[in-house]
Amino acid sequence: MACHQATGKGLPGVFPPLDGSEWVTGDARTVVNILLHGITGEMEVAGTVYKGAMPPFNQLGDAELAALATHIRGSWSNKAEPVKPELFEQERKANPRTTPFAGGQELKAFATKTP
C-alpha cells in the first residue's frame, strides 16, 4: 500500500499505478512473474515511463501470492480474472531465475514466450 497506494493510483513519477495497468490486467503470467522475481529499470505503465525497482515476493507461498494477484487484478477499475495458486507453482518451476527482470522490455519478451 505504501508504494502503489490504497487507491492503486501509485505515486506519479515514483511508483506506477496498479489500477488500469496493462501489466496487472493482461496475461496473468506477467503479474505472477513480477511478484515472484521483481523488476528493476524502466517500465512504461499507462503511457508513463517509470524507472525504479520492485522487490520479489517469492518468500510468500503460492496461495498467498495468488490472493494478492487476484486482489490487484480485481480491485479499483480492474476486472481481470482471478489467479490460481497453481500458476505460481508452475511459474516457479518454469523460471527459477534469481534476479529481477531488467525492465519492462525484458519482462515483455519473457511473458510473450509460450509457457
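Up top is the structure these notes are about.
Source: prediction; values computed, not measured.

Draft legend 1. Just the environment of Asn58, in detail. Examined against the element boundaries, Asn58 turns out to sit in the loop between strand S2 (48-54) and helix H3 (62-74). Taking relative accessible area as the criterion, Asn58 reaches 40% and is therefore assigned partly exposed. Residues Asn58 and Gly38, 20 residues apart in the sequence, show an inter-C-alpha distance of 8.8 Å.

Draft legend 2. Main features of H3. End to end, H3 covers 18 Å across 13 residues, agreeing with the expected 18 Å (1.5 Å per residue, within 8%). Residues of H3 that are buried: Leu65, Ala66, Ala69, Ile72 and Arg73. With its buried residues spanning 135 degrees around the axis, H3 presents them on a single face. The secondary structure elements touched by the buried residues of H3 are helix H1 (22-25), helix H2 (28-37) and helix H4 (85-94). A positive phi of about 60 degrees marks Trp76, the residue just after H3.

Draft legend 3. Structural context of the packing of H2 against helix H5 (residues 103-111). Following both chains from N to C, one finds H2 and H5 inclined at 130 degrees, their axes separated by 10 Å at the closest point. In terms of their interaxial angle, H2 and H5 are classed as oblique. In the crossing of H2 with H5, the sense of the turn from one axis to the other is right-handed. In contact with Arg29, Thr30, Asn33 and Ile34 of H2, H5 contributes Leu107, Phe110 and Ala111. Per-class residue counts for the contact of H2 with H5 are 4 nonpolar, 2 polar and 1 charged.

Draft legend 4. Quick look at unusual backbone geometry. Of note in the backbone geometry, Gln5 takes a positive phi value of approximately 70 degrees without being a glycine. Inspection of the secondary structure assignment puts Gln5 in the segment before H1. By relative accessible area, which is 28% here, Gln5 ends up partly exposed.

Draft legend 5. Here's a closer look at the nonpolar core. Membership of the largest hydrophobic core comes to 14 residues, with the highest contact counts inside it found for Val32, Leu35, Ala69, Val83 and Phe88. If you tally residues by element for this core, the top one is H2, at 5 residues. Residues within four places of Ala69 in sequence aside, it is in contact with Val31, Leu35, Val83 and Phe88. Counting residues in each nonpolar core, the second largest holds 9 residues, with Met43, Val45, Leu107 and Phe110 among its members.

Draft legend 6. Quick peek at the packing of aromatic side chains. Inspection of every chain in the model, using the stated rule, returns 1 aromatic pair. A ring pair is formed by Phe101 and Phe110, whose centres lie 5.3 Å apart and whose planes are at 50 degrees; its orientation type is tilted. Each member of the pair, Phe101 as well as Phe110, is classed as buried.

Draft legend 7. The sheet that holds strand S1 (residues 39-45), seen in detail. The mixed open sheet is built from 3 strands, whose spatial order is S2-S1-S3. Strand pairing shows two members of the sheet lacking a second neighbour, S2 and strand S3 (101-102), which therefore form its edges. Where S1 meets S3, 2 bridges bridge the pair, whose relative direction is parallel. Looking at S3, one finds that Ile39 is bridged to Phe101. With respect to the sheet, H2 is in contact with S1, S2 and S3, its orientation differing from that of S1 by roughly 150 degrees. On top of the sheet, H5 reaches S1 and S3; it is set at about 85 degrees to S1, its chief contact.

Rules of the game
- Residues numbered from 1 in each chain as written.
- Predicted model: local features only at pLDDT ≥ 70, side-chain atom pairs only at ≥ 80, totals over all residues.
- Heavy atoms only, no water.
- Helix = DSSP H or I, 4+ residues; strand = E, 2+ residues; numbered from the N terminus.
- Buried < 20%, exposed > 50% of the residue type's maximum accessible area, 1.4 Å probe, protein only.
- Expected span 1.5 Å × (residues − 1).
- Arc of directions from axis to C-beta.
- Contact = heavy atoms within 4.5 Å.
- Axes fitted to C-alpha atoms, helices over the stretch in contact; angles between N-to-C directions.
- Parallel < 35°, antiparallel > 145°, perpendicular 65-115°, else oblique.
- Left-handed = near helix turned anticlockwise from the far one by under 90°.
- Nonpolar A, V, L, I, M, F, W, Y, C, P; charged D, E, K, R; others polar.
- Core = buried A, V, L, I, M, F, W, Y, C linked by side-chain atoms within 4.5 Å.
- Phe/Tyr/Trp six-rings, centres within 6.5 Å; stacked < 30°, edge-to-face > 60°.
- Pairing = 2+ DSSP bridges.

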